[in-house]
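# Descriptive analysis of the structure
Listed below are the residues making up each chain.
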Protein chains: 2
Amino acid sequence: MKLHWSPRSPFVRKVMIVLYEAGIEDRVACVRTPVAMDKPNLDLLPDNPLLKLPTLVLEDGTAIYDSRVICAYLNELAGAGLLPAEPRARLTAERRQALGDGLLDVLLLYRQERNKPPARQTPAWLDAFGLKVDAALAALEKEAPALRTTPLDLGLIAIGCALSYLDYRFADLGWRDGHPGLAAWHQDFSKRPSVTRSQPDDAAA
Amino acid sequence: MKLHWSPRSPFVRKVMIVLYEAGIEDRVACVRTPVAMDKPNLDLLPDNPLLKLPTLVLEDGTAIYDSRVICAYLNELAGAGLLPAEPRARLTAERRQALGDGLLDVLLLYRQERNKPPARQTPAWLDAFGLKVDAALAALEKEAPALRTTPLDLGLIAIGCALSYLDYRFADLGWRDGHPGLAAWHQDFSKRPSVTRSQPDDAAA
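Residues numbered from 1 in each chain as written. Chains lettered and ligands numbered in written order. Predicted model: local features only at pLDDT ≥ 70, side-chain atom pairs only at ≥ 80, totals over all residues.

What follows is about the overall build of chain A. On a plain count of helices and strands, chain A comes out with seven helices and four strands. Along chain A, from the amino end to the carboxyl end, the secondary structure elements read β-α-β-β-β-α-α-α-α-α-α. Radius of gyration (C-alpha) of chain A: 17 Å, near the 17 Å computed for a compact globule of 205 residues. Along the first, second and third principal axes, the C-alpha atoms of chain A reach 45 × 45 × 30 Å. Of all 205 residues assigned to chain A, the portion counted as buried reaches 43%. (Helix = DSSP H or I, 4+ residues; strand = E, 2+ residues; numbered from the N terminus. Rg over C-alpha atoms; globule rule 2.2 N^0.38 Å. Buried ≥ 20, exposed ≤ 12 C-beta atoms within 10 Å, placed from the backbone.)

In this section: the domain arrangement of chain A. All names here are of chain A. Parsing chain A into structural domains produces domain 1 (2-78) and domain 2 (87-192). With eleven residues of domain 1 at the contact, the number on the domain 2 side is eleven residues. Per-element accounting of the side of domain 1 that touches domain 2 gives the leading share, seven residues, to helix α1 (residues 10-22). Across the side of domain 1 that touches domain 2, the residue classes break down as six nonpolar, one polar and four charged. (Domains from an automatic or database assignment. Contact = placed C-beta atoms within 7 Å. Nonpolar A, V, L, I, M, F, W, Y, C, P; charged D, E, K, R; others polar.)

With that settled, the discussion passes to the interface of chain B and chain A. Facing the 33 residues of chain B at the interface are 33 residues of chain A. Counting residues per element, the ones that place at least two in the side of chain B that touches chain A are α2 (67-78), α3 (87-114) and α4 (123-148) of chain B. With nine residues, the single largest contributor to the side of chain B that touches chain A is α4 of chain B. Of the residues in the side of chain B that touches chain A, the class split is 24 nonpolar, two polar and seven charged.

Right, let's get into unusual backbone geometry. Cis rather than trans, the peptide bond between L53 of chain B and P54 of chain B has omega equal to -10°. Within the secondary structure, P54 of chain B is located in the loop between β2 (29-32) and β3 (55-57). Cis geometry marks the peptide bond from Y65 of chain B to D66 of chain B, where omega comes out at -5°. Following the sequence through the fold, D66 of chain B ends up in the loop between β4 (63-64) and α2. At L51 of chain A, a position not held by glycine, the phi torsion is positive, near 55°.

Right, let's get into the relation of the copies chain B and chain A. The transformation that overlays chain B on chain A combines an axial shift of 0.0 Å with a rotation of 180°, and the residual RMSD is 0.0 Å. Each copy turns onto its partner about a two-fold axis. Minimal C-alpha separation from the rotation axis in chain B is found for R120 of chain B, amounting to 2.1 Å. The share of interface residues of chain B whose copies in chain A are also at the interface is 100%, consistent with both copies meeting through the same surface. (Least-squares fit on C-alpha atoms with pLDDT ≥ 70 in both.)

Here the focus is the sheet that holds β3 of chain B. Strand-to-strand pairing in sheets goes through backbone hydrogen bonds, with the strands running parallel or antiparallel. Residues and elements named next belong to chain B. Read across the open sheet, the four strands follow the order β2-β1-β3-β4; overall the sheet is mixed. Sheet topology places β2 and β4 at the edges, where each strand pairs with a single neighbour. Pairing analysis gives three bridges linking strand β1 (residues 2-5) to β3, with the strands arranged antiparallel. In the sheet register, L3 faces β3, and the bridge partner there is L56. (Pairing = 2+ DSSP bridges.)

Structure follows, in structure tokens:
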């Protein structure tokens, strides 16, 4: 299989963590496909018309996306057990995955917006993004005791990647302040070999 | 159950179509919860820290999101058969759902951007959004014969809602031009009672 990959995409990172956790990283060739909101990469066009990472091309040439579809597929393929079978536990994992992914969506837009020249910024958006990040962190702090007793699954991976992205691109926000339970969970999460191996690489081209 | 709802959100519409198709709309009370990128609605805060629609609150008070999680939950609850059981067909439905949802994400951002005063617009974004919409339509036109022979599922619902949103907010793009197969599929889709009943309502407050 071929994975359209980048060393700094948090959604790609989710897939890499699943590959490492499942022990099937040797079945996937990672191909560096840089994308940016203002620089669409037409190399992706045949595989994903939305030109987004990650996109996975299967052995038979079928391309699948987005990260949620890819993670579920790889988990199933490898029997990695990263989605609970019991319906209510599964629903919780799916809701957490949507929370992690949704937080990442907010963060990616937030970063774009705050990197603009001030005259092109929309202050109400910056306020709204900040509010959502604060609200997500408050909700996750409440949930931290439950996170700590849940075996790793696709929901926790998404949340972990979102928090790690805060460290990577929003270190100034100091997200750990006021969220000690979440910080403790994230510290454990960050020690997993799958997580250390998939750290963003600023040295990469 | 309680659904945080709006008459104009295309992601809410996906959920309404599933409810109508499953025949369980009487089990859900729709609560009008207006949201906008520049006006976060704090009524949503206890149920969804990302302040997004749709959000579904179950009988026991558990809140779930996003539209993909809600649609899968309701489909399962009602045994509505909107996700194929056969793994490859299911993967196709999931990939199509990601394409429809991803196209909607692009369209929502595209609309925000083109409604800004020109001095605050980012021309490279407008170009990129236009390119992605064109590419998605071209890919869907290629896939139109397959869409026409696929029984309704969550993938087709997402694609149908994205195309209907083009009609609603981007009529000027004339998306049917050059996409006759897709237009024909969408014409059939639009005749479904679940789709006519969930049309955006501009008269609603």
